[in-house]
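Chain by chain, the residues:
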Amino acid sequence: MRENLWGLLGPEFLPSTRRTRTLGLGAAVRHFNDLAVPGLGGIWYGKQALLATLGVLVAEQARSRGAKVQNIEVANAIEALACWLAFKGNGWRSDPRLRGSTKLRDHGDGFSFARVRQRNFYVTQPMRMATVQALPALGFVDSESARFNAFSTSEMGRAFVDQTCRDFRPHNRSVSEHLAMWVCGQHDSVISGKLSEALSPLVPIAPPALPLLRERLIQGGNDTSEDRRRRGNALAWVEALRHSKPSQLSWEVRPDAISDIHWQDLRSGARFFRAREAAIQVLDTLEVHIGNQVLGATHSLRTSVPNGLLSMINALGEAAGEFLNSGHADEVATTFCRECVESDASQVLRSLVARDGHVLRLVGDDVKPGPAFRGSEAVGDGQDAEPSDSPETQSILMPEGISYRMFNLYLLNADIHGELPQLLGADAAGERP
């Protein structure tokens, strides 16, 4: 039986050169992001939720017709189709809402499901991965497991698809029926203006579905009442910011929409993120230092710490100390920050390299290159334990260091109000497939 599990990166998909420095902090990163905006995952515009929910629904309908397909491969195929149709419509211009321009351009107009379901057809990390937490939390799917393949569409999920797609009837069929027939190999008719408009990430969610999407953000699904309260309060805050557009924001002034404990968690999270980024900068600088050595790529912890590194380690200690002073109870973050405030700079380096082990590795008292070592060519790669693919927008003002999920919620709220293209820039505005 064929299995196409795009986005589930097994060992064969992790080349030795991939730059990952989670430093064993993945649980803390996810925890602070969940404290900030619970259940949002990596969603930052509405079509992400629609395409993933539609993928689950179409997979269910295809299986009822006898097809042997899984949620993941159908959702990934629909996402690939949506991006392909959007790229064809906008002249293959890049947009943060689209993925796979290089791979999709190479496939011409042959877009049968039998081809699209192939493992290497589309990107290895589709946008669907950002929805795994959000779909159950928002009530679009039912599941007793966190696995995407275990999801089944809920009544709310089916209503969301229906309200979004009801005005688009490719070949006089519902969008889900047309795609289920495509999955079953009954047709390859996917070049359709109606289908493109329904699926394209460049076309906002249809207005009839927007109240439901906003209501799901507030009411939620399988999450707790506290999670729903925090997410609703965060939505109220970004909505207030959308109207007021303040010139500056400070951690010293808590917004009315956010509770005191929520604000404390947001601030503690920002302090932890700052310490983590400072640690990665120390490791990047140590990597460059080792790469510039004439007598071999190594650094002995028995020798003095280079001056440039010493100042950075001191800055790391200050950042870590600020987190510890917040008194937050997260054990993973607390243990890490305690390691970073050690008075012995060499011991701090030892702890950081031991946590790394991939770019730099510890051999006795020596720091040596790991499998992802780049030396003097090292750059600051994206090494978040919970990466976000949302764009950086200068027009969104937030307190320094706040969880990226708050930016994502701001973007999602702007999308609900039809203002996302303006935030993404003039090039994105007005683009239609």
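Scope of this entry: the structure provided in the associated data block.

**Observations regarding the sheet that holds strand 3 (residues 299–300)**
Spatially, 3-5-4 is the arrangement adopted by the 3 strands of the open sheet, whose pairing is antiparallel. The open sheet is flanked by strand 3 and strand 4 (360–363), the only strands paired with a single partner. Across 4 bridges, the pairing between strand 4 and strand 5 (residues 366–369) is antiparallel. The residue bridging Val363 from the neighbouring strand is Asp366, located in strand 5. Each of strand 3, strand 4 and strand 5 is contacted by helix 12 (residues 260–291), which is oriented at about 75 degrees to strand 4, the strand it contacts most.

**Thoughts on unusual backbone geometry**
Phi at Trp92 takes a positive value of approximately 65 degrees, unusual for a residue other than glycine. Within the secondary structure layout, Trp92 lies in the loop between helix 3 (71–90) and helix 4 (101–105). Positive phi, close to 60 degrees, is recorded for Asn172, a residue that is not glycine. For Asn172, the location among the structural elements is in the loop between helix 7 (155–165) and helix 8 (175–183).

**Here's the deal with the nonpolar core**
Counting 90 residues, the largest nonpolar core has Leu81, Leu179, Trp182 and Leu199 as its most contacted members. Ranked by residues supplied to this core, first place goes to helix 3 with 13 residues. Other than its neighbours up to four places away in sequence, Leu179 contacts Leu54, Val58, Ile78, Leu81, Leu195 and Leu199. Core analysis: the next-biggest nonpolar cluster, separate from the first, contains 37 residues, Val305, Ala319, Ala320 and Leu349 among them.

**Considering the state of the cysteines**
Cysteine pairs can be covalently joined through their sulfur atoms, and such a bond is termed a disulfide. Following the criterion strictly, the structure yields 0 disulfides and no others. Left without a disulfide partner, Cys340 is nearest to the cysteine sulfur of Cys337, which lies 5.9 Å away. Cys340 gets classed as buried once you look at its relative accessible area, which sits at 2%.

**A short note on the pattern of salt bridges**
If you walk through the whole model with that rule in mind, you get 22 salt bridges. The partner of Asp223 in a salt bridge is Arg231, and the shortest N-O contact between them spans 2.7 Å. Among the residues examined, Asp223 registers a relative accessible area of 11% and is labelled buried. The shortest N-O distance in the salt bridge between Glu339 and Arg355 comes to 2.7 Å. Of this pair, Glu339 sits in helix 14 (residues 331–340) while Arg355 sits in helix 15 (residues 345–356); the two residues are 16 residues apart in sequence, bridging distant segments of the chain.

About the thresholds
- Residues numbered from 1 in each chain as written.
- Predicted model: local features only at pLDDT ≥ 70, side-chain atom pairs only at ≥ 80, totals over all residues.
- Heavy atoms only, no water.
- Pairing = 2+ DSSP bridges.
- Helix = DSSP H or I, 4+ residues; strand = E, 2+ residues; numbered from the N terminus.
- Contact = heavy atoms within 4.5 Å.
- Axes fitted to C-alpha atoms, helices over the stretch in contact; angles between N-to-C directions.
- Core = buried A, V, L, I, M, F, W, Y, C linked by side-chain atoms within 4.5 Å.
- Buried < 20%, exposed > 50% of the residue type's maximum accessible area, 1.4 Å probe, protein only.
- Disulfide = S-S within 2.5 Å.
- Salt bridge = Lys/Arg side-chain N within 4 Å of Asp/Glu carboxyl O.

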